[in-house]
There are 2 protein chains.
Amino acid sequence: MADKNEPLIVFSPSGKRGRFPKGTPVLQAARSLGVDLDSVCGGRALCGRCQVVVTEGELSKHGIDSRLENLSARGETESRYSERRKLANNRRLGCQALLLGDVAIDVPASSQVHKQVVRKQHEAHDIQINPATHAYFVEVTKPDMHDPSGDLERLKLALQRDWQLEDLRISLPALQTLQTVLRKEDWQVTAAVRSDGEIVAVWPGLKTKLYGVAIDIGSTTIAAHLCDLASGEVLSSAGQMNPQIRFGEDLMSRVSYIMMNEGGETELTAVVREAINNLIAEVVSDAKLSLDTVVEVTIVGNPIMMHLVMGLNPVELGMAPFALASDAAASLPARDLGLTINSGGYVYALPCIAGHVGADAAGVLLAESPYEREEISLIVDVGTNAEMLLGNRDRILAASSPTGPAFEGAQISSGQRAAPGAIERVRIDPETLEPRYRIIGSELWSDDPAFPDSIPACGVTGICGSGIIEAIAELYLAGVINSDGTISGDAAKRSDRVTADGRTFSYTLLRGERDITVQQNDVRAIQLAKAALYAGARLLMEKLGVEKVDRIRLAGAFGAHIDVKYAMVLGMIPDCRLDMVSSAGNAAGTGARIALLDNNSRSEIEKQTRNVEKIETAVEERFQHHFVAAMAIPHDADAFDELEKVVKLPKKTVQMTTSGRRRRRR
Amino acid sequence: MADKNEPLIVFSPSGKRGRFPKGTPVLQAARSLGVDLDSVCGGRALCGRCQVVVTEGELSKHGIDSRLENLSARGETESRYSERRKLANNRRLGCQALLLGDVAIDVPASSQVHKQVVRKQHEAHDIQINPATHAYFVEVTKPDMHDPSGDLERLKLALQRDWQLEDLRISLPALQTLQTVLRKEDWQVTAAVRSDGEIVAVWPGLKTKLYGVAIDIGSTTIAAHLCDLASGEVLSSAGQMNPQIRFGEDLMSRVSYIMMNEGGETELTAVVREAINNLIAEVVSDAKLSLDTVVEVTIVGNPIMMHLVMGLNPVELGMAPFALASDAAASLPARDLGLTINSGGYVYALPCIAGHVGADAAGVLLAESPYEREEISLIVDVGTNAEMLLGNRDRILAASSPTGPAFEGAQISSGQRAAPGAIERVRIDPETLEPRYRIIGSELWSDDPAFPDSIPACGVTGICGSGIIEAIAELYLAGVINSDGTISGDAAKRSDRVTADGRTFSYTLLRGERDITVQQNDVRAIQLAKAALYAGARLLMEKLGVEKVDRIRLAGAFGAHIDVKYAMVLGMIPDCRLDMVSSAGNAAGTGARIALLDNNSRSEIEKQTRNVEKIETAVEERFQHHFVAAMAIPHDADAFDELEKVVKLPKKTVQMTTSGRRRRRR
């Protein structure tokens, strides 16, 4: 039988239970039992993080008669909190409610320290919240002529006394403000403490929220996401062009700029850091916060971007053997990188996998976690190069294939980046060869009567990566392009959209002031790019010893825009059940966000990247073999079987299985 | 009997011995046995640190027939080293000499890693050499398309392979130069690695010498000593005025300046850092070295100086309760303090003991190590305040007594700092009252016929601290000054040097354009100062429960200049055998040098300062009591007994034992 002086308390969802003397605060009982119940103010009814709900009528489930009145009534302190911050009727502050009789207590997700953030569409799984930096409220003992200890030493004592934090250090900027901060609100302060024991910042009074920014540095665009480190919520996001573009559109031009201009690396470092600072300022201001509440930044990017943001000269990455300064992750004071967050804040740069496979790929690896699955995943992040990860819980292989920038709309006659005005989808009538298309910035197809009014102000400006792929695939399906990639002169007889262009032919998608056309060289550029992509994937499959992958995830903007059907028509990706091919969204950015919110994920991704087997396509003879074999459209016999279910393939492709594998049975 | 194939090797001075297969290099045998034999190049005959000597004819002592020819003859590599760097005839490179038969090997002090530096006069004991940062030469594996690991990771592997260094990190500045440095001398580099595992710097090729600078920041002067971190040798020293003097002569005026001028602390920080940088540049240039070979700096100073150099606002130290921002030692990247040494280098700031007892006192504590002795030591460092340490291996107490700056020549009518032209010694004929004196900058007494020609160009400019003390003590011994500190009008009858000065009298030491005189107020200022000093010492003795100290050490410039006899005549210091009172030299600076050369001394001084019992004189009632009792000249009855042995005390002082202790038996 229950001892009336030692009531039973049962917590859900953990199921942890125990008996405590009457009058024990719920928060204290939770702590004794190791229940995950949050608190920043340490039980002073200030932060409201320890809210709990009494589950009544739980007799049957827990075998106890749980009643609301088995907790002490709301006292003055709790009522004051409720007036100030609105405490829902069924909620109690765990630090104020005292145990009087048996109760079942539910800890809602918002009151758990290690809550999970449900991730968005595209994303592989939920994020565990466990940030590297936590806020701790303390009241520090005042100095005294009889106790000449330093202010820092008394702050440490308070953090040890109230939060059991041992062996703390302090960042120099935090120390430099410490004396003023301690005296501002009568020796009550909130300290931000990193998991490695460094006090990175101290604010006067209670500060319940700390923030972080996840940064994804692409060669073309830089994106920033501001997150609440306790809830995991993304509060605001912003993006801007990478200002390094003025030193060179693609990475290698930027490296050339550095090679040819003394101090060029300093310029490129300065502009990328400035852009990051602008983005951080923007997301912080959008969320109506102040920069000094931002204590953590995580960064992903390709190896050259990672080098430049850290102030490392990337010239070695511009030539064989493509040696990284370091492939390890780096945890650095933000001030050492000139980033303007809290002056004691930290930057975590994710590790690079190899000279061509950067921290962005590590971010994808973390976001997709193929190492947790039994099925073989192929994950492809298409940028200027295509970074690929292949494997499962037993082995992960990585490589980068030199696709060039064609998939990004570069080196294409009417090509452009994916931006408003760019054609992103294309359908071509196989009989009349008349096209329909959609552009970024409009929801309508071009044959919709309302389409002309829906075009953005810039008009139709060009064709982006996904548009050119659909166009070429549709032209192939319509018999305009042959399996060897030639635009057929025969098609000129079927439509005046196909015209001779010197010794080759081109297809005019849109007539206007400046025609938007698909030229023979455009097809060649896409053929080279897709062959490189496919060859990389085949090489990895060969190394892993598999003939088929179980699932394919396409990361990045390209992966989000492309219709996977067309990718398969072109033979960009290996055979896979079409319903197992999906977009992974901005997986690199998601990886940065995971590393921001979950400190454990950092050691996880460091371990995983160390274990990844790195394949350098440039030194693999088999890559060249696969590459040549993959030039035809399409080339994967198995892919035909899969495709036939969803698209009507032209008859003549039957003979064109050049990849050396079994010919189509037809 | 000895096995011919496994000769015996015996090392001195360690006495370690062992058998190794024929052909084993002496260095390798030494390492296996844990013999302290240095090497930077790792056995490549480059650095010459592993030099050893064969002790022949050691048969009787070690029981073996040690012969020179029992080592392999000098080969080509060793001869090349000798041509380049001169290897003494009896010396061998331990890494090249191979064991062929039994040998006794002596490791000279210069080849030991943990050698001891014999300290100078005044200094308490030898310094153990064990710097925080060591140099390690390695050959790094070149990058390879088949191994995409980072340059840093291959450097770490080399350091682990050749030097068993594990879990290394790298400073960002070192990482930023790494790729260039590795490629400069064909992947041969020297890495400077701190004991905490951070690679702070990397240089191309072999670099056998690293350097450090010990800095002593006084309110008036700043001193720097450049040391060879391997030999401990002081290569050059320099000093300059503390440029903060233009913001206020004494510490409190500087704190007032900061209180009254927005951003004043930034100005004071900037000028002291600039002065330190100038001094470092000066000592480095004097030794014909480059700044980037300096990897460690240690700093001592009073609490206000320590705050300012670290960029901490010292205003709290200007008012009760005199709270330090932190009393702990700090190890900080030099770049965070704007100090221009190697960009990856570190600064170690010694801990402060209390709000008035700074890192300079910690330096004194380290240099003097009273905690290693059985006898009770009283250590006094006289500056604007007098920092005092009292105790032995059981307990150490510390306090600061508010002596004011009189002992530094300030607040004295003809006073000045100890500088050329200042009177530093004084003798007064007890009969005629005629003075003799010596000035800084001349070796002669003023009654020497050659004296006038020996005076520095500035002439005789004033009287410094030790001069005024001797003058007052001599005037007391000559009966001109009474025990209560009054300049007696009676003495005017004995000499025209004693003249009325309003209602009081003064003594003219030197007649000239501007007379140098000892006025009644000067005697009062010295009385107050010496009473404060004595009272502090008595208070500590009372707390420790001792009536007598076994030895007294006087640290700092004051301690070096003063004749201890006069200190005792005036009653500045408590009773002690005169031959047990001595100067400790610049003990604070020595402490900085020890912390620079011996990494273990850092944890030692951190532990010791934590354990020191801090006494705040301002809140101790007994301090006031002792202070009043100590105003008379002299006042310590026991001191008389001791003094009588060396000076003839005036008869009438017998009645003047005001300190409430036993009266003189006479």
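This paragraph deals with the overall build of chain A. When helices and strands are tallied, chain A shows 18 helices and 29 strands. The principal-axis extents of the C-alpha atoms in chain A amount to approximately 95 × 65 × 55 Å. Looking at the 666 residues of chain A, the share that counts as buried comes to 53%. A separation of at least 24 residues holds for 66% of the contacts in chain A among residues at least 6 apart in sequence.

Residues and elements named next belong to chain A. One ladder, built from seven bridges, connects strand S13 (residues 221-228) with strand S14 (residues 234-241); its direction is antiparallel. Paired with alanine 223 across the strands is glycine 239, a residue of S14. The turn linking S13 back onto S14 is made up of five residues, and glycine 232 within it adopts a positive phi angle of 85°.

Looking now at the domain arrangement of chain A. Frequently, the measure chosen for interface size is the accessible area that the parts lose on association. Residue and element names in this part refer to chain A. Here the domain parsing of chain A yields domain 1 (8-111), domain 2 (132-204), domain 3 (212-349) and domain 4 (376-666). When each unit is reduced to the centre of its C-alpha atoms, the spacing between domain 1 and domain 2 is 29 Å. Contact residues are listed per partner, giving five residues for domain 1 and six residues for domain 2. Class assignment for the residues of the side of domain 1 that touches domain 2 results in four nonpolar, one polar and no charged.

With that out of the way, let us pick up the interface of chain B and chain A. The partner chain A presents 35 residues to the 35 residues of chain B that form the contact. Among the elements of the structure, helix H4 (151-163) and helix H5 (172-184) of chain B are those that each provide at least two residues to the side of chain B that touches chain A. The leading source of residues in the side of chain B that touches chain A is H5(B), at five residues. For the side of chain B that touches chain A, the per-class residue count stands at 18 nonpolar, nine polar and eight charged.

What follows is about the relation of the copies chain B and chain A. For the match of chain B to chain A, the screw axis carries a shift of 0.1 Å, the RMSD comes to 0.1 Å, and the turn is 180°. In the structure described here, the two chain copies are related by an operation that fits a two-fold rotation axis. Among all residues of chain B, the one whose C-alpha sits closest to the rotation axis is B:Asp336, at a distance of 4.5 Å. With an isologous cut-off of 70% or more, the 100% of interface residues of chain B that recur at the interface of chain A puts this contact in the isologous class.

Bringing helix H1 (residues 26-33) of chain B into the picture now. Residues and elements named next belong to chain B. If you check which residues of H1 are buried, you get Val26, Leu27, Ala29 and Ala30. In a view along the axis of H1, the buried residues occupy a sector of 160°, so they form one face of it. Of the residues flanking the end of H1, it is glycine 34, one or two places downstream, whose phi is positive at about 75°.

Another point: the sheet that holds strand S11 (residues 198-204) of chain B. Residues and elements named next belong to chain B. The strand order across the open sheet formed by four strands is S8-S10-S11-S9, and the pairing between neighbours is mixed. For this open sheet the edge positions go to strand S8 (133-139) and strand S9 (169-170), each flanked by a neighbour on one side alone. Strands S8, S9 and strand S10 (188-194) of the sheet are contacted by H4, whose axis makes an angle of about 100° with S8. Where H5 meets the sheet, it contacts S9, S10 and S11, and its direction lies at approximately 35° from that of S11.

Residue and element names in this part refer to chain B. Running from N to C, helix H11 (residues 465-477) and helix H12 (residues 520-544) cross one another at 105°; their axes reach a closest spacing of 11 Å. What the angle tells us is that H11 and H12 run roughly perpendicular. Contacts from Ile468, Ile469 and Ile472 in H11 reach Asp522, Val523 and Ile526 in H12. Each residue belonging to the contact of H11 with H12 can be placed in one class, and the counts come to five nonpolar, no polar and one charged.

To continue, consider the sheet that holds strand S14 (residues 234-241) of chain B. Residues and elements named next belong to chain B. With respect to topology, six strands assemble into an open sheet ordered S14-S13-S12-S15-S17-S16, the strand pairing being mixed. The two strands at the open ends of the sheet, each matched to only one other strand, are S14 and strand S16 (330-333). With direction set aside, neighbouring strand axes in the sheet form an average angle of 20°. In terms of strand pairing, strand S12 (residues 211-217) meets strand S13 (residues 221-228) through seven bridges, oriented antiparallel. Bridge pairing links valine 213 to leucine 226 in S13. Here helix H15 (residues 587-597) sits on the sheet in contact with S12, S13, strand S15 (294-301) and strand S17 (346-349), set at roughly 155° to S12.

Looking now at the nonpolar core. The tendency in soluble globular proteins is for nonpolar side chains to be buried side by side. Ranked by internal contacts, the top residues of the largest apolar core, which has 416 residues, are A:Ile472 and B:Ile472. Setting aside its immediate chain neighbours within four residues, B:Ile472 contacts B:Ile481, B:Val518, B:Val523, B:Ile526 and B:Leu570.

Residues and elements named next belong to chain B. Regarding helix H17 (residues 621-629), the residues found buried are Phe623, His626 and Phe627. One face of H17 carries all of its buried residues, which in axial projection span an arc of 105°. In this structure, the buried side of H17 is in contact with H12.

Before going further, it helps to spend a moment on the environment of B:Gly218. Residue and element names in this part refer to chain B. With respect to the helices, strands and loops of the structure, glycine 218 is situated in the loop between S12 and S13. Remark: the alpha-carbon pair of glycine 218 and isoleucine 304, spanning 86 residues in sequence, is separated by 9.9 Å. Setting aside its immediate chain neighbours within four residues, glycine 218 contacts Asn242 and Gly383.

Any residue range with low pLDDT should be treated as having predicted coordinates unsuitable for detailed reading. Residue and element names in this part refer to chain A. Per-residue confidence for chain A averages 90 on the pLDDT scale, and 93% of its residues sit at or above 70. In the model, residues 652-666 has pLDDT below 50 throughout and makes 23 contacts with residues more than four positions away in sequence or in other chains. The ipTM for the predicted assembly is 0.86, set against a pTM of 0.87.

Residues and elements named next belong to chain B. Here leucine 289 lies in the loop between helix H7 (264-286) and S15. On the basis of neighbour counts, which here come to 17 C-beta atoms within 10 Å, the residue leucine 289 falls in the partly exposed class. Leucine 289 sits 78 residues away from tyrosine 211 along the chain, and the two C-alpha atoms are 9.3 Å apart. If we ignore the near neighbours within four places in the chain, the residues touching leucine 289 are Tyr211 and Val284.

Okay, unusual backbone geometry next. Look at the link from A:Ser12 to A:Pro13: it is a cis peptide, with omega at 5°. Relative to the helices and strands, A:Pro13 is located in the loop between strand S1 (8-12) and strand S2 (17-19). Backbone geometry at B:Ala45 places phi at a positive 60°, although glycine is not the residue there. Its place among the elements puts B:Ala45 in the loop between H1 and strand S3 (51-54). On the basis of neighbour counts, which here come to 22 C-beta atoms within 10 Å, the residue B:Ala45 falls in the buried class. Here B:Ser369, not a glycine, exhibits a phi torsion of approximately 45°, which is positive.

What follows covers the pairing of strand S8 (residues 133-139) of chain A. Residue and element names in this part refer to chain A. Of all seven residues in S8, six are buried, a share of seventy percent or more. By the bridge criterion, seven bridges tie S8 to strand S10 (residues 188-194) in an arrangement that is antiparallel. Of the residues in S10, the one forming a bridge with histidine 134 is valine 193.

On to the environment of A:Ile222, then. Within the fold, A:Ile222 resides in strand S13. Separated by 380 residues in the primary sequence, A:Ile222 and A:Arg602 place their C-alpha atoms 22 Å from one another.

Conventions adopted
Residues numbered from 1 in each chain as written. Chains lettered and ligands numbered in written order. Predicted model: local features only at pLDDT ≥ 70, side-chain atom pairs only at ≥ 80, totals over all residues. Helix = DSSP H or I, 4+ residues; strand = E, 2+ residues; numbered from the N terminus. Buried ≥ 20, exposed ≤ 12 C-beta atoms within 10 Å, placed from the backbone. Contact = placed C-beta atoms within 7 Å. Pairing = 2+ DSSP bridges. Domains from an automatic or database assignment. Nonpolar A, V, L, I, M, F, W, Y, C, P; charged D, E, K, R; others polar. Least-squares fit on C-alpha atoms with pLDDT ≥ 70 in both. Arc of directions from axis to C-beta. Axes fitted to C-alpha atoms, helices over the stretch in contact; angles between N-to-C directions. Parallel < 35°, antiparallel > 145°, perpendicular 65-115°, else oblique. Core = buried A, V, L, I, M, F, W, Y, C linked by C-beta atoms within 7 Å. pLDDT = per-residue confidence, 0-100.

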